[in-house]
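Structure assessment
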Amino acid sequence: MQNVFAGKKIVIGVTGSIAAFKVAGWVSDLAKEEALVSVVMTPSATKFIAPLTFAALSGNDVSTEMFSAAKEDTMAHISLGREADIVLIAPATANTIAKLANGFADDLLTTTVLATRAGVLVCPAMNSRMYSHPATRQNIVKLKELGYTVIDPACGMMACKEEGDGRLPEWEEVKEYLAKSLSPQDLQGQRILVTAGPTREPLDPARFLSNRSSGKMGYALARSAFRRGGAVTLVSGPSTLSCPAGVNLVKVQTAVEMYDAVLDHARHCSVVIKAAAVADYRPEKMYEHKVKKEHIDTRLILERNPDILLELGKRKKAGQLLVGFAAESKNLRQEGTKKLHNKNLDLIAVNDISVDRTGFEAETNQVLLISASGAESLPYTSKLHTADLIWDRVVSLLPASAEKAEQG
Ligand code: CTP
């Protein structure tokens, strides 16, 4: 799936909260992602932001009225909901939440929600006292019982100068939940462990040995797995990337810390993907205080770090899938096949690091996937798309898929 948003009909319901202006940026981003966005505003939302803003950003008319004289609009309250792939209500006020929880249909937005059979995502945004009121709490429980996804508001300073829960969640988070609603849930029920980034092996408090890994491939794998329904833990070495929404991040620094964290989590996981670039060696000694340049021994003595993947291969449980990565600059197939066997892997993704556009720090990648059944070269594409293609392959190797294939 190259871009989960492209061509998708997304109805965005905007209600009367000061946070409505933030959703203009969301509409703009979705339009850039080639989604077909239709905005429905409640009458009070139009007091905070002009419909024209959303019309210009989405490239579509904005609907505000339940009953319009325009011929093409007479059935808007049915057609918008019927044709939507997903309905997002953001910001959702306490009033709209109460109406939705009770099945009211007294404006175009609530009617559209009743008429849809697509997924509904609700992003509450209100003063924290209103949010914590038992009536609102109960209404949110009812929305969840109706099968709507409610994204918890963020905590912080609000327009009313009070601090607490009630801020509209960040777009990065909402976008992931939207992507999840639009993705096949073929990793549902899978507990997944992904590792990413480099490790840092300290010499003293100021200096360390590391490598060029940015973590982009591992973070893309974690993001894609969450979108597809997996329960994802990401064990990451130092990286400037922010953790994708819905993913449980465990931060580590050294290879030994990564070893401990990975072995601890892997016991509970059905799929482990090791995209991290683990330092194979660490300085033999870590100095407690910064070593002055006159005192530095120019010959660095190193000692081996544990090979985490090798250990995982030895401890692999029945039904657990183990996926490795290999960074190679020549003989990709040969080196990958060797590691597949030596480390007892089910799949290995081999990266050509001699090429700038597919190596460390690049946004794009091209990998050779090797399993017991042979090798497959994936296309040159974004790291997120590469991640999706790797998950496609993993899904085909899951025990449930093997059973299905046998039955078929
Ligand atoms: N790996 C690991 N622990 C290590 C080194 C590597 O778990 N100490 C994992 C990486 O996360 C990756 C795979 O092993 O999934 C391959 O890493 P790579 O560095 O390409 O291979 P090595 O086995 O270290 O072999 P070499 O450096 O000799 O190519």
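What you are looking at is a predicted structure, and each value in this text was computed from that prediction instead of being measured.

About the cut-offs
- Residues numbered from 1 in each chain as written.
- Predicted model: local features only at pLDDT ≥ 70, side-chain atom pairs only at ≥ 80, totals over all residues.
- Heavy atoms only, no water.
- Near = heavy atom within 4 Å.
- Polar contact = N/O pair within 3.5 Å; in protein donor to acceptor, adjacent residues only side chain to side chain.
- Areas by Shrake-Rupley, 256 points an atom, 1.4 Å probe, with all protein chains shown as cover.
- 1 Å grid on protein atoms, 1.4 Å probe; cavity = no way out; pocket = protein on both sides within 12 Å on 5 of 7 lines; lining within 4 Å.
- Sits in = over half its atoms within 2 Å of the grid points.
- Helix = DSSP H or I, 4+ residues; strand = E, 2+ residues; numbered from the N terminus.
- Nonpolar A, V, L, I, M, F, W, Y, C, P; charged D, E, K, R; others polar.
- Pairing = 2+ DSSP bridges.
- Axes fitted to C-alpha atoms, helices over the stretch in contact; angles between N-to-C directions.
- Points joined across faces, edges and corners; volume = space filled by probe spheres on them.
- Domains from an automatic or database assignment.
- Contact = heavy atoms within 4.5 Å.
- Buried area = accessible area lost by both parts, 1.4 Å probe.
- Salt bridge = Lys/Arg side-chain N within 4 Å of Asp/Glu carboxyl O.
- Core = buried A, V, L, I, M, F, W, Y, C linked by side-chain atoms within 4.5 Å.
- Buried < 20%, exposed > 50% of the residue type's maximum accessible area, 1.4 Å probe, protein only.
- Patch = residues over 30% accessible without salt bridge, like charges linked within 9 Å, V, L, I, M, F, W, Y side chains within 5 Å.

With respect to the site of the ligand
Near the ligand there are 14 residues, and of these Lys-274, Ala-276, Phe-325, Lys-339 and Lys-343 occur at the shortest range. At a separation of 2.7 Å, an oxygen atom of the ligand approaches a polar backbone atom of Ala-276. Note that an oxygen atom of the ligand is positioned 2.8 Å from one of the backbone N or O atoms of Leu-309. Notes on the ligand: free accessible area 570 Å², of which the protein chains cover 77%. Most atoms of the ligand, that is more than half of them, are within 2 Å of grid points of the largest pocket. The biggest single contributor to the shell around the ligand is strand 16 (residues 321–328), with 4 residues. Of the residues assigned to the shell around the ligand, the class counts are 8 nonpolar, 1 polar and 5 charged.

Digging into the sheet that holds strand 20 (residues 374–377)
Strands sit in the order 12-11-8-13-16-17-19-20 across an open sheet of 8 strands; the sheet is mixed. In the strand order of this sheet, the two ends are held by strand 12 (248–251) and strand 20, each with one partner. Neighbour-to-neighbour, the strand axes of this sheet turn through a mean angle of 15 degrees, independent of strand direction.

Points about the layout of surface pockets
Counted as a void, the largest pocket has a volume near 750 Å³. Taken together, 38 residues line the largest pocket, and the ones lying closest to its centre are Ala-276, Ala-277, Val-278, Phe-325 and Ala-327. Put simply, the parts of the chain that give the lining of the largest pocket at least two residues each are helix 9 (216–227), helix 11 (308–314), strand 16 and helix 12 (332–342). Here the lining of the largest pocket is built from residues that sort into 15 nonpolar, 12 polar and 11 charged.

So, the domain arrangement of the protein chain
The figure often quoted for interface size is the accessible area lost as the parts come together. When its domains are assigned, the protein chain resolves into domain 1 (9–181) and domain 2 (191–407). Using C-alpha coordinates to define each centre, domain 1 is positioned 39 Å away from domain 2. Domain 1 puts 6 residues into the contact, and the matching count from domain 2 is 6 residues. Between domain 1 and domain 2 lies a buried interface of about 570 Å² when both sides are counted; carbon and sulfur atoms form 59% of it. Together, Glu-176, Tyr-177 and Lys-180 form the three largest contributors to the area buried by domain 1 at its contact with domain 2, with a combined 81%. Linking domain 1 with domain 2 are 2 salt bridges, by the criterion used here.

Topic: the nonpolar core
Ranked by internal contacts, the top residues of the largest apolar core, which has 33 residues, are Ile-12 and Phe-54. Only strand 1 (9–14), helix 1 (22–32), strand 2 (36–41), strand 3 (86–92), strand 4 (119–124) and helix 8 (171–181) provide two or more residues apiece to this core. Broken down by element, the residue count for this core peaks at 5 residues, all from helix 1. The residues touching Phe-54, leaving out its near neighbours within four places in the chain, are Val-14, Ala-20, Val-23, Ala-24, Val-27, Val-39, Met-41, Ile-49, Gly-59 and Val-62. Core analysis: the next-biggest nonpolar cluster, separate from the first, contains 32 residues, Leu-187, Val-271, Trp-391 and Val-395 among them.

Topic: a nonpolar patch on the surface
Together, Ile-18, Phe-21 and Phe-48 make up an exposed nonpolar region whose accessible area comes to about 310 Å². Along the polypeptide, Phe-48 turns up in the loop between strand 2 and helix 2 (51–58).

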